[in-house]
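Okay, here's what each chain looks like letter by letter:
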Amino acid sequence: MKVKIFDESHESDLEAKVNAFLSTIKDKEIVDIKYEVAVTMFSEEQIYCFSAMIVYIE
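Here's a quick rundown of the structure. Model, not experiment: these values are computed from the prediction.

Let us now look at the environment of S43. Structurally, S43 is set in the loop between strand 2 (29-42) and strand 3 (45-57). Spatially, the C-alpha atom of S43 lies 33 Å from that of I33, the residues being 10 residues apart in sequence.

Taken together, the side chains of Y35, V37, V39 and Y48 make up a nonpolar region of the molecular surface, amounting to roughly 370 Å² of accessible area. Examining the composition of the nonpolar patch, we find that three residues originate from one element, strand 2, more than from any other. Given the relative accessible area of 38%, V37 is considered partly exposed.

Right, let's talk about the side chain of E8 for a bit. Within the secondary structure, E8 is located in strand 1 (residues 2-8). Its relative accessible area of 18% is what places E8 among the buried residues. Among the polar contacts made by the side chain of E8, one reaches the side chain of K17 at a distance of 2.9 Å. In contact with E8, not counting residues within four places along its chain, are D13, L14, K17, Y48, C49 and F50.

Our focus in this paragraph is the nonpolar core. By size, the foremost hydrophobic cluster in this structure holds nine residues: F6, L14, V18, F21, I25, F50, A52, I54 and Y56. Of all the elements in the fold, those that place two or more residues in this core are helix 1 (11-24) and strand 3. No other element matches the four residues that strand 3 contributes to this core. Every residue in contact with A52, bar those within four places of it in the chain, is listed here: K4, I5, F6, L14, V18, K34 and Y35.

Quick notes on the rules
- Residues numbered from 1 in each chain as written.
- Predicted model: local features only at pLDDT ≥ 70, side-chain atom pairs only at ≥ 80, totals over all residues.
- Heavy atoms only, no water.
- Helix = DSSP H or I, 4+ residues; strand = E, 2+ residues; numbered from the N terminus.
- Patch = residues over 30% accessible without salt bridge, like charges linked within 9 Å, V, L, I, M, F, W, Y side chains within 5 Å.
- Areas by Shrake-Rupley, 256 points an atom, 1.4 Å probe, with all protein chains shown as cover.
- Salt bridge = Lys/Arg side-chain N within 4 Å of Asp/Glu carboxyl O.
- Buried < 20%, exposed > 50% of the residue type's maximum accessible area, 1.4 Å probe, protein only.
- Polar contact = N/O pair within 3.5 Å; in protein donor to acceptor, adjacent residues only side chain to side chain.
- Contact = heavy atoms within 4.5 Å.
- Core = buried A, V, L, I, M, F, W, Y, C linked by side-chain atoms within 4.5 Å.

As structure tokens, this is what we get:
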């Protein structure tokens, strides 16, 4: 079993990276995909972090 972790500041970037990765492991079994959003403040700016973890079997 293996994992692949993605971390992006925009949800569209995360979507593109996850879709690209999934297209490369077509012959693998995907066990689970976890999705998380974190938000924090830096000065007066809101910062988002979109992440995904894909668990798969080679």
